[in-house]
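# Reading the structure
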Amino acid sequence: MHDQTSLTVGRARRVLEERIRPAIHSSHRPATVSFHELPSEPIPAHEGLALDYEPFRVGSAWGAAWGTTWFQVRATVPAGWSGKRVELLVDLGFDVSKTGFQCEGLVYRPDGSTIKSLNPRNQWVPVAESAAGGEEVLLFIEAASNPVLLENHPFLPTREGDILTSSREPLYRTRRFDLAVLERDVYELALDLDVLLELQAELPEGTRRAQIHQAMDDSLDELDLQDIAGTAAAARARLVPALSAPASASAHALSAIGHAHIDSAWLWPVRETMRKVARTCSSMLELIDEDPDFIYGMSSAQQYKWLKVQYPEIFARIKTAVANGRFLPLGGMWVESDTVMPSGESLVRQFLYGQGFFRKEFGVSCEGVWLPDSFGYSPALPQLTRRAGFEWFFTQKISWNQVNRFPHHSFSWEGIDGSRVFTHFPPMDTYNGQLSGAEVALAERQFRDARAASGSIAPVGWGDGGGGTTREMTGKAARMADLEGNPTVRWEHPNDFFGRAREEYAQPPVWVGELYLELHRATLTSQHKMKAGNRRSEHLLVEAELWCTTAAQYGDFAYPYDELDALWESVLLHQFHDILPGTSIAWVHREAVTEYERIIAATQLIIERALGSLAGPGDKLISVNPTTVAGIVPAGGGREAQPNRLPAVQVISDDSGIRLLNDLVDIRFSPEGLITSAVDLATGREAIAPGQVANLLQLHQDFPNQWDAWDVDRFYRNRVTDLRGVTSMDATENPDGSATLEIVRPISADSTVRQSIVLEPGSRTLSFHQVTDWHETEKFLKVAFALDIRAEHTIAETQFGHFKRVTHANTSWEAAKFETSMHRFIQVEEPGFGVGLVNDSSYGYDVTRQVDEQANVTTTARLSLLRAPRFPDPEADQGIHEHRYGMVVGADIRQTTAAGISLNAPGRLVPGGNGFDPLVSIDGEGLLLSSVKLAADRSGDVIVRLYESLGRRSSGSLSINARINGWTTASLIEDLLEDAPGGSDTTVPLELKPFEVRTLRFKMSTGA
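Residues numbered from 1 in each chain as written. Predicted model: local features only at pLDDT ≥ 70, side-chain atom pairs only at ≥ 80, totals over all residues. Heavy atoms only, no water.

Taken together, the 3 strands give an open sheet; going across it, the order is E24-E23-E45, and neighbouring strands pair in antiparallel fashion. Across the chains shown, the open sheet's two edge strands, defined by having one partner strand only, are strand E24 (637-640) and strand E45 (908-912). On average, adjacent strands in this sheet sit at an angle of 35° to one another, irrespective of strand direction. Relative to E24, strand E23 (residues 620-625) is paired through 4 bridges, and the arrangement is antiparallel. What sits directly across from Ile-622, in E24, is Glu-640. Against the sheet, helix H17 (residues 586-615) contacts E23 and E45, and its axis sits at roughly 50° relative to E45. (Pairing = 2+ DSSP bridges. Helix = DSSP H or I, 4+ residues; strand = E, 2+ residues; numbered from the N terminus. Axes fitted to C-alpha atoms, helices over the stretch in contact; angles between N-to-C directions. Contact = heavy atoms within 4.5 Å.)

So, on to the packing of aromatic side chains. Scanning all chains against the criterion turns up 46 aromatic pairs. On the numbers, 5.1 Å between centres and 70° between planes, the contact of Tyr-296 with Phe-327 is edge-to-face. One end of the pair, Tyr-296, is in strand E14 (residues 296-298); the other, Phe-327, is in strand E15 (residues 327-329), with 31 residues separating them in the sequence. Pair check on accessibility: Tyr-296 and Phe-327 agree, each one buried. With a centroid separation of 5.3 Å and an interplanar angle of 80°, the aromatic rings of Phe-497 and Phe-498 are classed as edge-to-face. For the pair formed by Phe-497 and Phe-498, the shared burial category is buried. Here a set of aromatic residues connected by ring pairs shows up, and it is made of Tyr-296, Tyr-304, Phe-315, Phe-327, Trp-334, Tyr-353, Phe-357, Phe-358 and Phe-362. Its end group placed over the ring of Trp-400, Lys-397 keeps NZ or CZ at 3.3 Å from the ring centre. (Phe/Tyr/Trp six-rings, centres within 6.5 Å; stacked < 30°, edge-to-face > 60°. Buried < 20%, exposed > 50% of the residue type's maximum accessible area, 1.4 Å probe, protein only. Lys NZ or Arg CZ within 6 Å of the ring centre and 35° of its normal.)

Note that Gly-354 resides in helix H10 (residues 344-362). Measuring from C-alpha to C-alpha, the distance between Gly-354 and Trp-334 comes to 4.1 Å, with 20 residues separating the pair along the chain. Leave out the neighbours within four places in its chain, and Gly-354 touches Ala-301, Gly-332, Met-333, Trp-334 and Arg-349.

Looking at chain direction, strand E34 (residues 752-759) and strand E35 (residues 765-774) are connected through 8 bridges and run antiparallel. What sits directly across from Val-758, in E35, is Ser-767. Counting the residues between successive antiparallel strands, the hairpin from E34 to E35 contains 5 residues, one of them, Gly-762, with a positive phi of roughly 70°. Relative to strand E44 (residues 879-889), E35 is paired through 10 bridges, and the arrangement is antiparallel. Bridge assignment links Ser-767 to a residue of E44, and that residue is Gly-886.

We now examine the side chain of Glu-87. By the secondary structure assignment, Glu-87 is in strand E6 (residues 86-91). In terms of polar contacts, Glu-87 uses its side chain to reach the side chain of His-25, at 2.7 Å. (Polar contact = N/O pair within 3.5 Å; in protein donor to acceptor, adjacent residues only side chain to side chain.)

With 14 residues, helix H16 (residues 561-574) extends 20 Å from end C-alpha to end C-alpha; this agrees with the ideal 20 Å at 1.5 Å per step. Here H16 lies mainly inside the structure; 10 of its 14 residues are buried. Listing the buried residues of H16 in full gives Tyr-561, Leu-564, Leu-567, Trp-568, Glu-569, Ser-570, Val-571, Leu-572, Leu-573 and His-574. Where H16 is buried, its residues meet helix H7 (270-290), helix H8 (301-310), H10, helix H15 (528-554), H17 and strand E47 (927-934). (Expected span 1.5 Å × (residues − 1).)

It is worth spelling out helix H4 (residues 207-222) at this point. The end-to-end C-alpha distance of H4, which contains 16 residues, comes to 23 Å, matching closely the 22 Å that a straight helix rising 1.5 Å per residue would cover. Arg-208, Arg-209, Ile-212, His-213, Ala-215, Met-216, Asp-217, Asp-218, Ser-219 and Leu-220 are the residues of H4 that are buried. Packed against the buried residues of H4 are helix H1 (5-20), helix H3 (184-202), helix H5 (228-237) and helix H6 (240-244).

One pass over the full model with this rule turns up 69 salt bridges. Of the charged contacts, one joins Glu-198 and Lys-476 as a salt bridge, the two residues approaching to 3.0 Å between their closest N and O atoms. Of this pair, Glu-198 sits in helix H3 while Lys-476 is found in helix H13 (residues 471-480), placing the two residues 278 residues apart along the sequence. The class for Glu-198 is partly exposed, based on a relative accessible area of 23%. Given a relative accessible area of 7%, Lys-476 falls into the buried group. Its salt-bridge partner being Glu-996, residue Arg-387 comes within 3.6 Å of it at the nearest N-O pair. Placement of the pair is Arg-387 in helix H11 (residues 381-387) and Glu-996 in the loop between strand E52 (987-992) and strand E53 (997-1004), with a sequence separation of 609 residues. Overall, Arg-387 belongs to the partly exposed group, its relative accessible area being 27%. (Salt bridge = Lys/Arg side-chain N within 4 Å of Asp/Glu carboxyl O.)

Where strand E37 (residues 793-798) meets strand E38 (residues 801-806), 6 bridges bridge the pair, whose relative direction is antiparallel. Paired with His-793 across the bridge in E38 is Val-806. Here E37 folds back onto E38 in antiparallel fashion, the turn holding 2 residues, of which Phe-800 has a positive phi close to 55°.

It is worth spelling out the nonpolar core at this point. Leu-307, Ile-318, Phe-327 and Phe-1002 are the most contacted members of the largest nonpolar core, which totals 176 residues. Broken down by element, this core gets its largest block of residues, 11 residues, from H17. Ignoring anything within four residues of it in the chain, the contact list for Leu-307 reads Val-277, Ala-278, Cys-281, Met-298, Pro-312, Ile-314, Phe-315 and Ile-318. Val-651, Ala-694, Val-835 and Ala-861 belong to the second largest nonpolar core, which has 48 residues in total. (Core = buried A, V, L, I, M, F, W, Y, C linked by side-chain atoms within 4.5 Å.)

Now the structure itself:
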């Protein structure tokens, strides 16, 4: 037989697109439309329904950027439509390629209940399954005219990302508001052909492909193009054999889950996310009602809480669907947060508040962590997920790697303490799956664990900006359930998939350490005020909990549960993976800066109240310290401040520069204000490489190939300007014995930097307070320290410990890590000598090695300070920024850890009448307190969390200065554990493994 493949496929495609799809709805009748455009922000639905409406002509323009327009739609069902499925078709000016990224609508009944959303891939609204002729239709649409910020060239700077700068011109033009009849057979025929066309495109030449082609020809021969509705059933009948052929026994099994990844903020503000959640969930609930097999999963307790507060009718329907197993809370976190930058306590609170909400509202606990789209994953996460009670971890973002292909899809991920969690990456390589033939074929073709595992997860639905699963997707899923040449597809809870996968793959491969994303490395630096606000907020909240808990035990202080919960929830929201990383529009970051200021001010007031209760009235100065490092930082608690009795720092100036000298270190500065020498006096060891300098600010051109706020490409290093110019430099001996070197230097004609460099008596830390007036564009600012250290690794703090990274680039995996993450410090060391770099608001750094002809090794570590990308916020990082960082000379990891803690959680001087003992004391090298708080269940129990910080086994003890009725070991989210160690003494013996995190729960005595 002659090859007629292209003829058949071309015929089917044209008939499908030009004849069948347009015939899915018939008998169109225009509705009567009126409208009311709001002058500013959205209003509640009951107010929208009561607005005065003016006539609206379909085809007219509407909607300035970020505006809201209410449409009232009236129609009458024609008498001849009785018994038919009637739908309202609405096109607000949609572009089907921009689902989730442009205008959307939410449809209401007159009583204020919601029906479903309108978006580019969901332009229909159910009116009646079996209509009655003469039935009056009255519906309302709350339409959001969100601007499209990802155009065909998606990274051009735009002012449309903030309502303060966006255009007031209408963005959209309506096309239709029609009542129409759904021709069910035509709709089903379209899906039949769609599935077979996509399937045959993925099949090799052979019998199955040829049979599909013949079936399509036979079907189209039955179809009268002038009577599509009348002949669709007959055309479908000819496709039955092709669609009923069963899949092979070895077919890959896709576990589909309805999904709509809704970024809690990104190219839209938080207020718009709230509406996106409502719109998407209303459509998913409607789809649940229409398709008995469909199940939908949604993460982020914050998004459910928004619904509970602002859309109680939708939330009530969700509660019913959750109870019926059709709407699945996923992930057990407050939001889908960044996992690289939040502190350990912050990640614990993501789990505590997220899982707590799901338990309280729905009576369910999530079994796994669902994080499809965060920008890399901390090596501390396996322990945290397991100790929070989770059994599995899900993401897909590592498929975005620029260089290296990750070797597994199902595997065991091992963290810094040795904990392992079963992890899955969907081989479909998307969290916005459409169940296209290409997607499902890709999942089967590239599944890397097929020798032992039978299937993978398929998140199905439009996402990022929401939208979710469509009825076309569920229709495809029904046809793909058991279809020859195709993976099998079934709607399934991820828990069931993971349970089966773990049984199949009893000995999965193991990946040890961080899941580093070879992309979006600049998120560690972009929008510095997000980083500074987050770091300050999370440390202050932990401090507030400590003092409030102490005050509650020592007196009648009322622990401010509600205040602390609300503040934590806001911090956790802002750790979302497009807010904290600095990759959202200007509006988002403008509001976040204001919110961080509010959080910090409110938390400071709580701290002042608690410390006032503890110190009592009086005019003494009481020194309090919220942290403790055994032998280095004094124990937490309060004591009367004592004058400094250490020798003052010497300042020596001559033609060669300025020298700062105390009894531990000798620091020399050139006339340019650069550090030329830093000597540890105890050993005589020089920290600065010969002929090189530290405190060298360096400016790079920074114009990545794409994803401006997200990415820095390695070629940025090819162009660098060393900032050696000095406007002024002055050294001062201070009354407290410290010495300060003030340096002002230009960055450019528009930007300057002022450094206050301080050396204190008895300290080996040279501290920098840097204020930068930053007005650069597409530049990257770093500060370099060229160290005379042969370091094989750098040691970077992560949550509850640290992580080593090699300093060489032997392999493509190592070369790809040219920008990496830290928390409060990095340590650069060789046996016997090290230098720590500590910071209060930076998360990115890089390290390079240089070796001369005499094999002298210089290790240069650079902290990343500021960027200036222009998309999606054209004014990103412009303005005044403060950084505090330090160089710890001759430090081991313990001393650097202590310096990092002290910089981020400094002591205070408060007025009062008396000091007070710490509520909790800890003894044992490397053991650190992480938090002291009252239990979230408001039982009055005291929660104490500690961890081993040095990466070695450690023993010691923890004492609580209060009467107790016993203690036990708890999970990170404060659940009691079966067979967990416990006791009744106020001193708890401790044996911790390297980097182990432990949570203790103390039952307090209420007796006299």
